[in-house]
Amino acid sequence: MSTTSFHDVETSTRMTNGTSSHKTGFGTLAVHAGQAPDPSTGAIMPPVYFTSTYVQESPGDHKGYEYARVSNPTRTALEGNLAALEGAKHCIAFSSGVASIDALLKTLRPGDHVVSTNDLYGGTFRLMTQVFEPFGLRFTFTDLTDLDSVADAITPETRLLWIETPTNPLLRIFDIAALSELAHRSNILVGVDNTFASPYLQQPLSLGADLVMHSSTKYLGGHSDVVGGAIMTNSDELDEKMRFLIKSAGAAPGPMDCFLLLRGTKTLHLRMESHCKNGEAVARFLRSHPKVAEVRWPGFEDHPGHAIAKLQMRDFGGMVSFILNDDALETANRVMAATKVFALAESLGGVESLISHPASMTHASIPAVKRREAGLPDSLIRLSVGIEDEADLIADLEQALELA
Ligand SMILES: *Cc1c(COP(=O)(O)O)cnc(C)c1O
């Protein structure tokens, strides 16, 4: 074996597909897929290859790596791991979640049209409307729970349906299988931002989507210490286009970031179990609290997307949003400033619990009128429930809600 072949293709293929009688489980894939001991030393973790270039025997005679913008062995290991977790043939890792969406949108051409949800992650909305609209791409944001309105939004120029489910921060649920079927009737590519669910809870490719995107900054990394993105797909054509864009536009993740993400994914299944359990406890506590008007969590039977969530997700996740009885911004601010375990911060999906105010933080780039149209109240509070002890999380919210 050459020194650069620690990404043992045979191992990761075996890990991905299992044998005919046995399918390798998610936890085993999380720990092992994409990685094999370093053949030169036996190191069990892939080395962090801090290198910008690779020595060639003679021009063109190399071991598969030429220049580190294009590829790096630590990145290759991460890509093998993430592909296996989504049950995908390919994964292309990017330097951030938005960089991966940026690359995908660059495969489109002026005049092409994209349909997406009207309660989209703020950064995606900004990228689409403020970066790509001026270059001639067209976007329609509509209610993806309403298949008729999606069908109405589709034009002969529509090339991409962009789904986010559960959504941020309203935790709405969209039917990936039904939307994929609808889009495929018109030959439209279906992409799913799977950041909120993680591949442990939801695998969009198996539901008919053509590609999955992650902000690996969130649950995949899981420790709030790295920014990253990824696209997973079974399409060789899309893989080729994404690799061309990494090479040509350069949104490549560094080797240390890839290493941190690999360390994170090893415990993804365990962390998600804990996020889901704590998320449920927090959602039920908030719902029973006299000062809380409404709680958004797809695990509630009366949540409008509950039945679909039950079908397409393993569990309901660790994200919970709520609105206070006293729907004033100052009241929400008082509560957010009073929590001690929940830290007031943007982002989500880390081991630590976070509390945030979408209207002034993550979604500030969406105009207030548009936010309200999409049903996002100014006083909505969003929780990323971490893996601390349930009783401590509830006690913290209880004391903070005294100020509501
Ligand atoms: C954070 C996030 C993104 C953007 O990812 P970055 O890694 O911050 O660039 C995209 N979609 C969703 C749902 C997110 O939460």
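Residues numbered from 1 in each chain as written. Predicted model: local features only at pLDDT ≥ 70, side-chain atom pairs only at ≥ 80, totals over all residues. Heavy atoms only, no water.

Some points on the site of the ligand
Neighbouring the ligand are 13 residues, the closest being Val98, Asp193, Ser215, Thr217 and Lys218. Here an oxygen atom of the ligand and a backbone polar atom of Val98 are 2.9 Å apart. Lys218 has a polar side-chain atom sitting 2.7 Å from an oxygen atom of the ligand. Relative to its unbound accessible surface of 380 Å², the ligand loses 92% to contact with the protein. Of all elements in the fold, only helix H4 (97-105) and strand S6 (211-215) reach the threshold of two or more residues within the shell around the ligand. A per-class count over the shell around the ligand returns 5 nonpolar, 6 polar and 2 charged. (Near = heavy atom within 4 Å. Polar contact = N/O pair within 3.5 Å; in protein donor to acceptor, adjacent residues only side chain to side chain. Areas by Shrake-Rupley, 256 points an atom, 1.4 Å probe, with all protein chains shown as cover. Helix = DSSP H or I, 4+ residues; strand = E, 2+ residues; numbered from the N terminus. Nonpolar A, V, L, I, M, F, W, Y, C, P; charged D, E, K, R; others polar.)

Side note on the sheet that holds strand S12 (residues 381-384)
Backbone-to-backbone hydrogen bonds join strands into a sheet, with any given pair of strands oriented parallel or antiparallel. Sheet architecture is open: 5 strands sit in the order S8-S9-S12-S11-S10, paired in mixed fashion. In this open sheet, the two strands that pair with only one neighbour each are strand S8 (292-296) and strand S10 (343-344). Sheet topology places strand S11 (residues 354-356) next to S12; 3 bridges connect them, and they run antiparallel. Across the sheet, Ser356 pairs through a bridge with Arg382, a residue of S12. (Pairing = 2+ DSSP bridges.)

Description of the domain arrangement of the chain
According to the domain assignment, the chain consists of domain 1 (9-265) and domain 2 (268-403). On a C-alpha basis, the centroid separation for the pair domain 1 and domain 2 is 26 Å. The interface of domain 1 with domain 2 comprises 41 residues on the first partner and 41 residues on the second. Counting the surface domain 1 buries against domain 2, the share from its top three residues, Tyr200, Leu201 and Tyr219, is 24%. Across the contact surface, domain 1 and domain 2 share 0 salt bridges. (Domains from an automatic or database assignment. Contact = heavy atoms within 4.5 Å. Buried area = accessible area lost by both parts, 1.4 Å probe. Salt bridge = Lys/Arg side-chain N within 4 Å of Asp/Glu carboxyl O.)

Brief notes about the nonpolar core
Counting 63 residues, the largest nonpolar core has Leu286, Phe322, Ile381 and Leu383 as its most contacted members. Counting residues per element, this core draws most heavily on helix H11 (residues 268-287), which supplies 8 residues. In this structure, Phe94, Leu160, Leu211 and Ile231 belong to the second largest nonpolar core, which totals 26 residues. (Core = buried A, V, L, I, M, F, W, Y, C linked by side-chain atoms within 4.5 Å. Buried < 20%, exposed > 50% of the residue type's maximum accessible area, 1.4 Å probe, protein only.)

Points about the pattern of salt bridges
For the structure shown, the criterion picks out 13 salt bridges. Between Lys241 and Glu237 there is a salt bridge; the shortest N-O distance is 3.4 Å. Here Lys241 pairs with Glu237, and both are found in helix H9 (residues 236-249), just 4 residues apart, close to one helical turn. A residue is classified by how much of its surface remains accessible, and Lys241, at 36% relative accessible area, is partly exposed. We classify Glu237 as exposed; its relative accessible area is 53%. When the shortest N-O distance is used, the salt bridge between Arg296 and Glu294 registers 2.6 Å. Linked through salt bridges whose partners overlap, the residues forming this network are Glu79, Asp239 and Arg243.

Focus on the pairing of strand S4 (residues 158-164)
Extensive coverage of S4 is indicated by the burial of 6 of its 7 residues. Where strand S2 (residues 113-117) lies against S4, 4 bridges are found, and the strand directions are parallel. Bridging across to S4, Ser116 finds its partner in Trp162. Across 5 bridges, the pairing between S4 and strand S5 (residues 189-193) is parallel.

Remarks on unusual backbone geometry
For the peptide bond that leads from Thr165 to Pro166, omega is -5°, which places it in the cis range. Within the secondary structure, Pro166 is located in the loop between S4 and helix H7 (176-185). Between Asn168 and the following residue, Pro169, the backbone shows a cis peptide bond with an omega angle of 5°. By the secondary structure assignment, Pro169 is in the loop between S4 and H7. Of note, the phi angle at Ser198 is positive, near 70°, even though the residue is not glycine. By secondary structure assignment, the location of Ser198 is in helix H8 (residues 198-201). Judged by relative accessible area, which is 0%, Ser198 ranks as buried. Positive phi outside glycine occurs at Ser347, with the angle close to 80°. Here Ser347 shows up in the loop between S10 and S11. Under the relative-accessibility criterion, Ser347 is labelled partly exposed at 29%.

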